Amino acid sequence: MRVDLFDFELPQDRIALRPVRPRDAARMLVVRRTDARLEDHGVLDLPDLLEPGDVLVFNDTRVIPAQLEGRRAGGEAKIGATLHKRIDLRRWQAFIRNAKRVKEGDQLVFGGSVTVIAEARHADGSMTLMFEGDEAVEVLLERAGKMPLPPYIAGKRGVDDQDLKDYQTMFAAEDGAVAAPTASLHFTDRLVAALDARGVKRETLTLHVGAGTFLPVKADDTDDHAMHSEFGRIGADTAARLNAAREAGGRIIAVGTTSLRLLESAASEDGSIHEFTGDTAIFITPGYTFRAVGGLMTNFHLPKSTLMMLVSALMGRDRMMSAYNHAITNDYRFYSYGDSSLLLL
């Protein structure tokens, strides 16, 4: 399928550089696959749009300070690194800025005191970095790293202390993401309380979102795109409760494309969700048959992105292009700090 089928024009002023306050004050466009109408709502309307017994599935990954700035040891070359995927306790795969100045075996110094060895270069241009010393990598990152804001935000303003709170969801518990599961950024204690009162259930899984989520699709055809892999986990008890909810007639609503991708990776053809631990590189494009989910809550995505392809697979390409045109015309805010959409099958 041609990648340019998922392109659209987005005015730059629609890109949100800060979230609304409070978080649950964001707008939400409701799109139903079986109804041509588009419904303008707010995130606070979510409890009324769901039914008792429905289950919202959140990603409890926590964003780490994965953006590093420094130099090659013994030289003046400025080097930037964005951690992408953990390999083991001391090694991370990372995308390198000014990578031509880095050779395998080079020592890099970040934050003035954190040293790493560039061990190997990968086919996608990333490198394996091995953190030196005895301190845990998490401690080193807190010392030298900063919040890895998406490039469409970081390119327009600097990262500040407010982003340490804004770019973390209320469900964040498991360290490992280098990008936030942004659909969950809209949730607050009062919204969760209203969902509980409505009888909407909540479950969590873990998918450590990698920097590859921001990589552009460079191929002209989706068949030629190599999807990045990410580590995910769904517990056996969680899978059992999700299956019980489906059998009782409840819908599984993924909060965010990360939750959806992991649910679909863990589902068999009959829709049953299984315990899962490992990497997933699932690439969902139109023509995919969804197994587990009955809906998706998600922000508005980049043109020609894998996530735009995913929502088009869920709702139909023409339907989503119409919805995005409506969102642009009606001043919805786009991307990580922007407004939300609720897509229901």
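From a predicted model like this one, the values you see are computed outputs, not experimental measurements.

A. Examining the pairing of strand β1 (residues 27-32) more closely. As paired strands, β1 and strand β2 (residues 35-42) are joined by six bridges and run antiparallel to one another. The partner of L29 across the bridge, within β2, is D40. Here β1 folds back onto β2, and the loop between the two strands holds two residues. One ladder, built from five bridges, connects β1 with strand β17 (residues 340-344); its direction is parallel. Of the residues in β17, the one forming a bridge with L29 is S341.

B. Molecular detail of the sheet that holds strand β16 (residues 295-299). Pairing is mixed in the open sheet, where nine strands are placed in the order β2-β1-β17-β16-β14-β3-β12-β13-β15. With partners counted over all chains shown, the strands left at the sheet margins are β2 and β15 (276-280), one partner each. Going across the sheet, the axis of each strand differs from the next one's by a mean of 20°, ignoring polarity. The sheet strands contacting helix α9 (residues 317-329) are β1, β2, β16 and β17, and the helix crosses β2 at an angle near 40°.

C. Spotlight on the packing of helix α8 (residues 306-315) against α9. Contact pair α8 / α9: the axes reach a minimum separation of 7 Å and the direction vectors enclose 115°. Of the two elements, α8 crosses α9, and the hand of that crossing is right-handed. Contacts from M308, V311, S312 and M315 of α8 reach α9 at R317, R319, M320, M321 and Y324. When its residues are assigned to classes, the contact of α8 with α9 shows six nonpolar, one polar and two charged.

D. Local environment of the packing of aromatic side chains. Tallied over the entire structure, the rule returns 13 aromatic pairs. Taking the centre distance of 6.0 Å and the plane angle of 65° together, the rings of F171 and F187 count as edge-to-face. Of this pair, F171 sits in the loop between α4 (161-166) and β11 (174-177) while F187 is found in the loop between β11 and α5 (189-198), placing the two residues 16 residues apart along the sequence. Take F187: its relative accessible area is 1%, and that puts it in the buried class. Taking 6.1 Å as the distance between ring centres and 80° as the angle between the ring planes, the aromatic pair formed by F334 and Y335 counts as edge-to-face. Per residue, the accessibility class of F334 equals that of Y335, and both read buried. Within the aromatic cluster, the residues linked to one another by ring pairs are F8, Y152, F300, Y324, Y332, F334 and Y335.

E. Structural detail: helix α7 (residues 257-265). Across the nine residues that make up α7, a large majority, eight, are buried. Residues of α7 that are buried: T257, T258, S259, L260, R261, L262, L263 and E264.

F. View of the sheet that holds strand β7 (residues 91-97). The antiparallel closed barrel is built from six strands, whose spatial order is β5-β6-β7-β10-β9-β8. The sheet shows a mean angle of 45° between the axes of neighbouring strands, direction not considered. Pairing of strand β5 (residues 67-72) with strand β6 (residues 78-86) involves five bridges; the strand directions are antiparallel. Among the inter-strand pairings, R71 is bridged to a residue of β6, identified as K78.

G. The arrangement of unusual backbone geometry in detail. Put simply, R21 and P22 share a cis peptide bond, and its omega is -5°. Relative to the helices and strands, P22 resides in the segment before β1. You will see that N98, though not glycine, has its phi angle at about 65°, which is positive. Tracing the backbone shows N98 in the loop between β7 and β8 (107-110).

H. View of the pattern of salt bridges. By the definition in use, this model includes 26 salt bridges. A salt bridge links D175 to R62; the nearest nitrogen and oxygen atoms lie 3.0 Å apart. Of this pair, D175 sits in strand β11 while R62 is found in strand β4 (residues 61-63), placing the two residues 113 residues apart along the sequence. For D175, a relative accessible area of 40% translates into the label partly exposed. Taking relative accessible area as the criterion, R62 reaches 28% and is therefore assigned partly exposed. Across the salt bridge formed by E230 and R261, the nearest N and O atoms sit 2.6 Å from each other. Of this pair, E230 sits in strand β13 (residues 230-234) while R261 sits in helix α7, and the two are 31 residues apart along the sequence. For the pair shown, E230 and R261 are each scored as buried. Within this structure, R18, R157, D160 and D163 form a network of salt bridges that share partners.

I. Looking closely at α9. Between the first and last C-alpha of α9 there are 18 Å, a value that for 13 residues agrees with the 18 Å anticipated at 1.5 Å per step. Buried residues of α9: R319, M320, M321, A323, Y324, H326, A327 and I328, and no others. Considering only its buried residues, α9 is in contact with β1, β2, β16, α8 and β17. Backbone geometry just after α9 places D331 at a positive phi near 60°.

Basis of the calculations
Residues numbered from 1 in each chain as written. Predicted model: local features only at pLDDT ≥ 70, side-chain atom pairs only at ≥ 80, totals over all residues. Heavy atoms only, no water. Pairing = 2+ DSSP bridges. Helix = DSSP H or I, 4+ residues; strand = E, 2+ residues; numbered from the N terminus. Axes fitted to C-alpha atoms, helices over the stretch in contact; angles between N-to-C directions. Contact = heavy atoms within 4.5 Å. Left-handed = near helix turned anticlockwise from the far one by under 90°. Nonpolar A, V, L, I, M, F, W, Y, C, P; charged D, E, K, R; others polar. Phe/Tyr/Trp six-rings, centres within 6.5 Å; stacked < 30°, edge-to-face > 60°. Buried < 20%, exposed > 50% of the residue type's maximum accessible area, 1.4 Å probe, protein only. Salt bridge = Lys/Arg side-chain N within 4 Å of Asp/Glu carboxyl O. Expected span 1.5 Å × (residues − 1).

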